[in-house]
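These are the residues of each chain, in order.
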Amino acid sequence: MEVCNSTLGNGFILVGILDGSGFPELLCATITALYFLALTSNGLLLLVITMDARLHVPMYLLLWQLSLMDLLLTSVITPKAVIDFLIKDNTISFGGCALQMFLELTLGSAEDLLLAFMAYDRYVAICHPLNYTILMSHKVCWLMIATSWSLASLSALGYSIYTMKYSFCKSRQIRHLFCEIPPLLKLACADTSTYELMVYVMGVTLLIPPLAAILASYSLILCTVLHMPSNEGRKKALVTCSSHLTVVGMWYGGAIVMYVLPSSFHSPKQDNISSVFYTIFTPALNPLIYSLRNKEVTGALRRVLGKRLLSVQSTF
């Protein structure tokens, strides 16, 4: 399969949610605000966990990785989409499209796996607290992180290379916010049915087992929580679990719509909305839900910012 010369020379045109919206300016402002929220909240969390040695434990190391993935994922997509809308130039080069696809698949797949590992961490902490240091040692934690990145990057590399080998001659317009496999395959000249099945298998493999692990972990956590003698502790745990599951639902819901639902159920508008949920909304919400409401994190934030203020004052 050789790529058409016209594709190589001219690249693609991204026709995403901002172009098809009834209120594009308002939507652009909302997406920009969410991006800056993601940038600020994830950046603060990365700073706090890095600077405070008391947070160098498996739970917060996993959260550090989640913030890094969210920050990179939304930065791969959002700035280009906003800038393209403002300057009225939605083109992307062939190489730029391939790179964006690879990065999005790597970061998205890594987060799929990491969220499952985070749920397991919470399960061990709540249901087996006496064995936590054994079951969730630093070695196990770093193994989880390495597994997430390595499996995700290998899968993304293979699928990105294979996707970009197709000839794209039907149109240069990708009716999507960014370069992603399902909308790009609609432009291919050749029959893509076999490859679409491979993409479906990838989606099922990387999404369904982690989601099942998350649901199983939180089910066991809820069973333990309901037997707690303290009403306050039970209420706090229930609120935390429900907020976590809300974010998980947004993330996996959008990804499942894109990669698990058959192509006959897809429409450009639906795909754009689904992608926005897991590439823009959840990176902005994850730090607020998982960490910045946590007393240990907020306490560490005060200590870090307090030290910074003192160091600034001492220079004057």
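Residues numbered from 1 in each chain as written. Predicted model: local features only at pLDDT ≥ 70, side-chain atom pairs only at ≥ 80, totals over all residues. Heavy atoms only, no water.

## A word on the overall build of the protein
Each helix and strand in the protein was counted, giving eleven helices and three strands. Beginning at the N terminus, the succession of helices and strands in the protein can be written as α-β-α-α-β-α-α-α-β-α-α-α-α-α. Here the C-alpha atoms of the protein give a radius of gyration of 21 Å, agreeing with the 20 Å that 2.2 N^0.38 yields for 316 residues. Each of the three principal axes of the protein carries a C-alpha extent, and together these read 65 × 55 × 35 Å. Classification of the 316 residues of the protein by burial places 47% in the buried group. Pairs at least 24 residues apart make up 78% of the contacts formed inside the protein by residues separated by at least 6 positions. Of the roughly 15200 Å² of accessible surface on the protein, a fraction of 69% belongs to carbon and sulfur atoms. Charged side chains in the protein number 20 positive and 17 negative. The centres of these two groups are separated by 10 Å. (Helix = DSSP H or I, 4+ residues; strand = E, 2+ residues; numbered from the N terminus. Rg over C-alpha atoms; globule rule 2.2 N^0.38 Å. Buried < 20%, exposed > 50% of the residue type's maximum accessible area, 1.4 Å probe, protein only. Contact = heavy atoms within 4.5 Å. Areas by Shrake-Rupley, 256 points an atom, 1.4 Å probe, with all protein chains shown as cover. Lys, Arg positive; Asp, Glu negative; His and termini not counted. Charge placed at Lys NZ, Arg CZ, Asp CG, Glu CD.)

## Focus on the sheet that holds strand S1 (residues 12-14)
Taken together, three strands build an open sheet; the order of strands is S2-S1-S3 and the sheet is mixed. Each of the sheet's edge strands pairs with one partner strand only, and the pair in question is strand S2 (91-92) and strand S3 (173-174). When S1 meets S2, the two strands line up antiparallel, connected through two bridges. Within S2, the residue paired with Ile13 across the bridge is Thr91. (Pairing = 2+ DSSP bridges.)

## Re the layout of surface pockets
By volume, the largest pocket is sized at about 710 Å³. In terms of lining, the largest pocket is formed by 27 residues, of which the most central are Met59, Lys236, Thr240, His244 and Asn294. Taken together, the elements giving at least two residues each to the lining of the largest pocket come down to helix H3 (58-87), helix H4 (94-127), helix H8 (193-226), helix H9 (231-259), helix H10 (268-290) and helix H11 (295-314). Among the elements that line the lining of the largest pocket, the one with the most residues is H9, at eight residues. Split into classes, the residues belonging to the lining of the largest pocket amount to 17 nonpolar, four polar and six charged. Taken as a whole, the second largest pocket holds about 250 Å³ of empty space. Lining the second largest pocket are 15 residues, and of these Glu196, Leu261, Pro262, Ser263 and His266 lie nearest its centre. Sort the elements by how many residues they give to the lining of the second largest pocket and H8 lands first, with four residues. (1 Å grid on protein atoms, 1.4 Å probe; cavity = no way out; pocket = protein on both sides within 12 Å on 5 of 7 lines; lining within 4 Å. Points joined across faces, edges and corners; volume = space filled by probe spheres on them. Nonpolar A, V, L, I, M, F, W, Y, C, P; charged D, E, K, R; others polar.)

## Things to note about the pattern of salt bridges
Where side chains of opposite charge bring their charged atoms close, a pairing between them can arise. Within the structure shown, the criterion is met by four salt bridges. For Asp52, the salt bridge identified is with Arg54, shortest N-O distance 3.6 Å. For Asp52, a relative accessible area of 6% gives the class buried. When its relative accessible area of 60% is taken as the criterion, Arg54 is described as exposed. The partner of Arg122 in a salt bridge is Asp121, and the shortest N-O contact between them spans 3.0 Å. (Salt bridge = Lys/Arg side-chain N within 4 Å of Asp/Glu carboxyl O.)

## Description of the UniProt feature "domain: G-protein coupled receptors family 1 profile" (unreviewed entry) in the protein
UniProt marks residues 41-290 with the feature "domain: G-protein coupled receptors family 1 profile" (unreviewed entry), using the numbering shown here. Spanning residues 41-290, this segment combines 79% helix with 2% strand, and its end C-alpha atoms are found 11 Å apart. (UniProt positions renumbered as here; feature names shortened; annotations may be inferred.)

## Digging into the UniProt feature "transmembrane region" (unreviewed entry) in the protein
UniProt feature "transmembrane region" (unreviewed entry): in the numbering of this structure it lies at residues 29-49, 61-78, 98-120, 140-162, 197-225, 237-261 and 273-292. Along residues 98-120 one finds 100% helix and 0% strand; the C-alpha atoms at either end are 33 Å apart.

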